[in-house]
Amino acid sequence: MIELRGVSQVFRSRDREKVVALHDIALDVAENEFVCIVGPSGCGKSTLLRLVAGLIEPTRGGISVGGVPVTRPREDVGIVFQKPTLLPWASVLDNVLMPLKLMGRPTAQARPRAQELLRMVGLEGFESRLPGELSGGMQQRAAICRALIHDPPILLMDEPFGALDALTREEMTLELLEIWQRRRKTIVFVTHSITEAVLLADKVVVMSARPGRIVQVLDVDVPRPRAFEQEALPAFQRIAGTVRALIFSNRRLPRDA
Amino acid sequence: MPEGSNPAVELDLDDGPGALSRALRAATPWIAVVVLFLLWELGVRAFRVPDYLLPAPSAIWTETAAIPGAVWGHTWATIKTISYGFLLAVVVSLPLAVLVTASPAVANSIYPLLVLVQSIPKVALAPVLVVALGANEMPRIVVTFLVCFFPLVISVAAGLLSVPAEYIELCRSCRASRWRELWRVRLPYAVPFIFSGLKVAITLAVVGAVVGEFVASDVGLGYLIQSSTAFFKTPLAFGAIVILAVIGIVLFQAVVTIERLFFPWSVSDDRFRG
Ligand SMILES: Nc1ncnc2c1ncn2[C@@H]1O[C@H](COP(=O)(O)OP(=O)(O)O)[C@@H](O)[C@H]1O
Ligand SMILES: [Mg+2]
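Residues numbered from 1 in each chain as written. Chains lettered and ligands numbered in written order. Predicted model: local features only at pLDDT ≥ 70, side-chain atom pairs only at ≥ 80, totals over all residues. Heavy atoms only, no water.

Sorry if this is basic, but what is going on with the interface of chain A and chain B here?
On the chain B side, the residues contacting the 24 residues of chain A number 20 residues. Interface area, chain A with chain B, both sides summed: about 2200 Å², of which 63% is carbon and sulfur. Looking at the side of chain A facing chain B, the largest losses of area belong to Pro88(A), Trp89(A) and Leu102(A), adding up to 34% of the total buried there. Here chain A and chain B share two salt bridges between them. With a closest N to O distance of 2.4 Å, Arg50(A) and Glu169(B) form a salt bridge. Counted by class, the side of chain A that touches chain B contains 13 nonpolar, four polar and seven charged residues. (Contact = heavy atoms within 4.5 Å. Buried area = accessible area lost by both parts, 1.4 Å probe. Salt bridge = Lys/Arg side-chain N within 4 Å of Asp/Glu carboxyl O. Nonpolar A, V, L, I, M, F, W, Y, C, P; charged D, E, K, R; others polar.)

Explain the site of ligand 1 to me, please; I cannot follow it from the model alone.
Residue and element names in this part refer to chain A. Near ligand 1 you find Phe11, Val19, Ala21, Ser41, Gly42, Cys43, Gly44, Lys45, Ser46 and Thr47, and these make up its full shell. A distance of 3.3 Å separates an oxygen atom of ligand 1 from a polar atom in the backbone of Cys43. Ser46 is positioned with one of its side-chain polar atoms (N or O) 2.7 Å from an oxygen atom of ligand 1. Protein burial of ligand 1: of its 560 Å² of free accessible surface, 64% is covered by the chains. (Near = heavy atom within 4 Å. Polar contact = N/O pair within 3.5 Å; in protein donor to acceptor, adjacent residues only side chain to side chain. Areas by Shrake-Rupley, 256 points an atom, 1.4 Å probe, with all protein chains shown as cover.)

Sorry if this is basic, but what is going on with the confidence of the model for chain A here?
When pLDDT is averaged across chain A, the result is 90; 97% of the residues are at 70 or more. Confidence drops under pLDDT 50 across residues 253–257 of chain A; counting only partners more than four residues distant or on other chains, this segment forms seven contacts. (pLDDT = per-residue confidence, 0-100.)

Please explain the side chain of Glu127(A) as it appears in this structure.
Residue placement: Glu127(A) occurs in the loop between helix H3 (110–120) and helix H4 (136–148). Despite its burial, Glu127(A) pairs with no opposite charge; the closest candidate is Arg119(A), at 7.9 Å N-O. (Helix = DSSP H or I, 4+ residues; strand = E, 2+ residues; numbered from the N terminus. Buried < 20%, exposed > 50% of the residue type's maximum accessible area, 1.4 Å probe, protein only. Lys, Arg positive; Asp, Glu negative; His and termini not counted.)

Teacher, can you tell me more about the coordination of the magnesium ion (ligand 2) here?
By definition of the ideal shapes, a tetrahedral metal site with four donors has angles of 109.5 degrees and an octahedral site with six donors has angles of 90 or 180 degrees. Residue and element names in this part refer to chain A. Around the magnesium ion (ligand 2), the protein supplies Ser46 (OG) and Gln82 (OE1) as donor atoms, at distances of 2.0 to 2.4 Å. Note that Ser46 is positioned in helix H1 (residues 45–53) and Gln82 in the loop between strand E6 (77–80) and helix H2 (92–103), a separation of 36 residues in sequence. For Ser46, a relative accessible area of 22% corresponds to the partly exposed category. Given a relative accessible area of 41%, Gln82 falls into the partly exposed group. (Donors = N, O, S within 2.8 Å, 3.2 Å for Na, K, Ca; no water.)

Shown next as structure tokens:
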């Protein structure tokens, strides 16, 4: 479904110095697969998502979605940005409906759907509030609803639960699994949390920084449906341990991948 | 408020003085104005300043109120000039700002023209406009427009350009057309900027109208000031100035009220305050 071949991304910082955000990335994400990307901050996770989203063009290499080269954003992709980026003048409901409005699609039948999504993430009753009246966690939950409003088959999520408290975070994790179980989607999910990655993913992509590259791709053979109790399973522990070891060994020996 | 021990008691104590001090704060400007006028009146009387130099407020009032019909006629003419000029500025500025911010090429071609127009003294332009447009209200309206449209274009353009990159990225990720991006994101984001431009523009519109009336008119408060000073009817000129001040304040407050009523988030959201 999603293919990256030899993708490199070089940014120029303000003092005209080159920053290699991603170096020679190759990655395959199958249809309806749930892939988590973990890695230290600054290793290019957000850049990788923005490339797949078609928001930026790679310096080198090729990206395709469904066999079609990505040259610009696609309507069948939903994005949850690292920051909620809700429009401060629009109500929560209008924010959730915003992608449809921006796409110019009729929104009449979308309203109940938006309300349903908001109810699902526990924001029932907040529909007419402005984002400024919501906590950071609530804003991010609204942003997740916004990414789901047009029911995209592909979902790109950039540390979507980073701003949530631990309890809400677990709740949202299960909720996302539920959504994915009910309506299969191809999901690329960036996270800092190794547990979260193993719990959610079919495949965990471990990245390292400077330059950003993929260290290893691990298959998660923990049976589904997943639950937090599975954290105690040996299979879960083994994978989580491997991911942790990969991240930390790479910290000590940055050139040794 | 000090952090008290008993919230109930604190609330009780709070309410009276709180409301009183709020009322006092609201009344302060009015009290200041009244005191100023009183001192003015007393000063003029005490030092026997002649009317044609500095009339007392009472003299201003009697002379101005003596010819209510004529004064009202001039006032109405000025209000019309201000309104038409201001509205013309709004109608021209918004699309112009959108155009200027649309692409660097357009900006590069329009911007120098704008600056050129802005750098011409409008007073100098007024007599030429009379020749070109005839001795009617058009030259006055055009002068008013010219005086107030530039700051409006600049502030609207600044608003449209200062939309954070992440909002634009949201638009791009939804494949929004430029028109939808403008309508759904850029314009709403620019609303506080638009209103700060409108506040400047409405104040300048009053100036523009008077300038126009000085040069090219036989009606309006600007004309009234000129004609009455020519005959040393200084109290009437002062009356016209006071009316102009009132018009300026009322129109400014009208803009503020419209912003509060229709765009409350623009006033309250500190995200917009740099
Ligand atoms: N638009 C940009 N311009 C310049 N440098 C950038 C830009 N975006 C990202 N970078 C740099 O690329 C690297 C990777 O950034 P990012 O993808 O945000 O990492 P992560 O999301 O893993 O924390 C960082 O060093 C960052 O400074
Ligand atoms: Mg990031």
